[in-house]
Amino acid sequence: MKKIYVCLLSAIIALTVLSSACFALNLEETGDWNQLITSNYKDGFMTIDTDGDRIKISGVFKNDYPKNISIMGADASEEHLRAESDGTFSGELVCTPFENSYYNLRITFNSRIIYVYTLKYNDGWSIPDNGIAEANEKKLQNIVSAPPLAAAYYLSAEGNRDEAEETLSELKRIVGEVCGDEKDDYVKAMKLIDWVGANISYDHDAAENSVTMDTVAIHNVLERRRTTCAGFANTFSALLEIAGIRSVNLKGAAVAGEVTYEELPVGTENHEFSAFWYEAEKRWVYCDSCWTSNSSYRDGNYKWEISGGTRHFDVTGEAFALNHRIDKAEERSYTKALAALDGELSETASEKEESHVTENETRESEQTTAKEGTSESGSDENATKNDTESTFGSTSEEKEKNGKNPTPYIIIGLTGIMVIGAGIILAVNKNKNN
């Protein structure tokens, strides 16, 4: 009988360890791909294929072309790159790093714009799947609607009606100038993100010292032509609304500063970006207007660079998941802000409280962004600055905060296995007594 008990106990322990290990695997990468399409935009995308030690790229960029392919932290033994006059290109890189790990694939274009994608080397190259793509899609199924009064404070930091009205008027002027008679929402959105990227610079002074509502309010963004990520997202989403396109501000995390690819699933919230609804194709389109800009404001001086154009426009869900995590999707109504300030829209006490919460959330998110830095990809200067070494690990508190803590599930699984084991033991005892 003792032997039976020992066998049963060993089986329980083995099943517990196995179930815990399987759950842990589900929290991390769910599999690897051998192909990644970077964008749904037909005139500006790349296809990355991996085959052993070979990395192949191909695609089309009508107004630019790649000049160099490299792996950060690893030497390539062979490289071939060919660009055609019609904008199509193809390239191949043969690279065998010294150890299995994550590496950044960098494609540098003639315009000095750099595209960066995380690849995994495990005795051969692959594109890692961290499970974030599916999680991001679910967040867009649970959109939170902000009250109109909250949008008023995103127009004017102090909720000043004259400033808010002036800002809406300027936004309408920009949309009319940029979009003209264009009817296709997709083309309008593409033109608007390009305008934002070309006309707004990233405010490093604010990011490194203090980011407030004054920094991200659209009135100030348009007047000063500088802001941080929330200001970029606010401005882009307001332009989209004026253009008749539904959009949402996405709060979450991005691979930048201290947040590496490995830490992205549970990393600190440090970024704000956007998505818009393309009615013609019934889908959400991922965009990052902040990362589109290559211009900067530092030590009181502007440094204007060419816009990234469509680099972060209509990014595929798989490519977006390599460097963006969505925690919250929020829809705002800037066009109703004036009515809210005038008191024409009824506002309950809870709506007032939510308005103040929204303002505080933005301030806290921006302060975090200031600590984390800007984008992983951009001009040569920005890309070099943000190519950081990858590190592993996160606290259980962070995992629980982001819905990634396996402890409750492991406990449930362990309890169930123990109950089953106890039942078997009791049945054996009963059979023996009989």
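Placed above this text is the structure.
Reference entry: report on the structure contained in this document. Everything numeric here is computed off the predicted structure, so don't read it as measured data. (Residues numbered from 1 in each chain as written. Predicted model: local features only at pLDDT ≥ 70, side-chain atom pairs only at ≥ 80, totals over all residues. Heavy atoms only, no water.)

1. Overview of the overall build of the protein
Put simply, the rule is: Numbered from the N terminus, helices here are DSSP runs of H or I no shorter than four residues, and strands are runs of E no shorter than two. Each residue is placed in one exposure class: buried if its accessible area under a 1.4 Å probe, protein chains only, is under 20% of its type's maximum, exposed if it is over 50%, and partly exposed if it falls in between. A contact between two residues is defined here by any heavy atoms of the two lying within 4.5 Å. Per-residue accessibility takes into account occlusion by the displayed protein chains alone, with areas from the Shrake-Rupley method and a 1.4 Å probe.
Looking only at helices and strands, the protein has 16 helices and 20 strands in total. Taken across its 434 residues, the protein has 51% of its residues classed as buried. If you take every contact in the protein between residues at least 6 apart in sequence, the share linking residues at least 24 apart comes to 72%. Accessible surface for the protein amounts to roughly 20,300 Å². Of this, 50% is attributable to carbon and sulfur atoms.

2. Details of the environment of T212
Here T212 is to be found in the loop between helix 6 (204-209) and helix 7 (213-216). According to the relative accessible area criterion, T212 is partly exposed, its value standing at 28%. Residues T212 and T228, 16 residues apart in the sequence, show an inter-C-alpha distance of 9.9 Å.

3. Observations regarding the side chain of R311
Quick reminder of the rule: When charges are counted, Lys and Arg are positive and Asp and Glu negative, with His and the chain ends excluded. One side-chain nitrogen of Lys or Arg within 4 Å of one carboxyl oxygen of Asp or Glu is enough to make a salt bridge. Within 3.5 Å is the distance limit for a polar contact, defined as a pair of N or O atoms, with the added protein rule that one can donate a hydrogen and the other accept it, and that residues adjacent in sequence qualify only through two side-chain atoms.
Mapped onto the fold, R311 is located in the loop between strand 18 (301-303) and strand 19 (313-315). Buried charge R311 goes without a salt bridge, the closest partner of opposite sign being D288 at 8.2 Å. Among the polar contacts listed, one links the side chain of R311 to the side chain of N294, at a separation of 3.3 Å.

4. Some points on the pairing of strand 3 (residues 44-51)
Formally: A pair of strands counts as paired when DSSP detects no fewer than two bridges linking them.
The sheet contact formed by strand 2 (residues 35-37) and strand 3 spans three bridges and is antiparallel. Its bridge partner being in strand 3, L36 is matched across the sheet by I48. Between the end of strand 2 and the start of strand 3, which pair antiparallel, lie six residues. In the sheet, strand 3 pairs with strand 4 (residues 54-61) via eight bridges, with the strands oriented antiparallel. In the strand pairing of strand 4, T47 is matched with S58. Linking strand 3 to strand 4, which pair antiparallel, is a turn of two residues; within it G52 sits at a positive phi near 65 degrees.

5. Considerations on the sheet that holds strand 17 (residues 296-298)
Read across the sheet, four strands follow the order 13-12-17-18 without closing on themselves; strand pairing throughout is mixed. On the outer flanks of this sheet lie strand 13 (226-227) and strand 18, each paired with one strand and no other.

6. Quick look at the pattern of salt bridges
One pass over the structure, following the stated rule, counts 23 salt bridges. Sharing partners across several salt bridges, the network here consists of E272, K328, E330 and R332.

7. What to know about the pairing of strand 7 (residues 88-95)
Each regular strand shows side chains that alternate between the opposite faces of the sheet. Most of strand 7 sits inside the fold, with six of its eight residues counted as buried. Here strand 6 (residues 76-83) pairs with strand 7 via seven bridges, running antiparallel. Bridge pairing in strand 7 places H80 opposite E92. Count of turn residues in the strand 6/strand 7 antiparallel hairpin: four residues, of which G87 carries a positive phi of about 95 degrees.

8. Some thoughts on the sheet that holds strand 7
Rules: Inter-axis angles, ranging from 0 to 180 degrees, are taken between N-to-C directions of lines fitted to C-alpha atoms, where helices are fitted over the stretch in contact.
Read across the open sheet, the five strands follow the order 2-3-4-7-6; overall the sheet is antiparallel. Because the sheet does not close on itself, it has two edges, and the strands there are strand 2 and strand 6. Each strand axis lies, on average, 10 degrees off the axis of its neighbour in the sheet, ignoring direction.

9. Quick look at the packing of aromatic side chains
Our working rule: The criterion for an aromatic pair is that two Phe, Tyr or Trp rings (for Trp, the six-membered ring) have centres within 6.5 Å, with stacked assigned to planes under 30 degrees apart, edge-to-face to planes over 60 apart and tilted to the rest. Throughout this description, the term charge over a ring refers to an Arg CZ or Lys NZ atom that lies within 6 Å of the ring centre and within 35 degrees of the ring normal.
Applying the stated criterion across every chain yields a total of 18 aromatic pairs. Centre to centre, the rings of Y41 and Y186 are 6.5 Å apart; their planes meet at 40 degrees, and the pair counts as tilted. Remark: Y186 occurs in helix 5 (residues 185-199) and Y41 occurs in the loop between strand 2 and strand 3; sequence separation between them is 145 residues. A residue is classified by how much of its surface remains accessible, and Y186, at 10% relative accessible area, is buried. On the basis of an interplanar angle of 50 degrees and a centroid distance of 5.1 Å, the ring pair of Y102 and Y261 is categorised as tilted. Of this pair, Y102 sits in strand 8 (residues 101-109) while Y261 sits in the loop between strand 14 (247-254) and strand 15 (271-278), and the two are 159 residues apart along the sequence. The exposure class of Y102 is buried, given its relative accessible area of 17%. Accessibility expressed as a relative area gives 5% for Y261, which makes it buried. Grouped by ring-pair contacts, the aromatic residues Y41, Y186, F276, Y278 and F313 constitute a single cluster. One residue, R226, lies across the ring of Y297, its end atom 4.2 Å from the ring centre.

10. Concerning unusual backbone geometry
Despite not being glycine, D299 shows a phi value in the positive range, around 55 degrees. Along the chain, D299 falls in the loop between strand 17 and strand 18. You will see that D314, though not glycine, has its phi angle at about 55 degrees, which is positive. Take D314: it is sitting in strand 19. Judged by its relative accessible area of 0%, D314 is buried.

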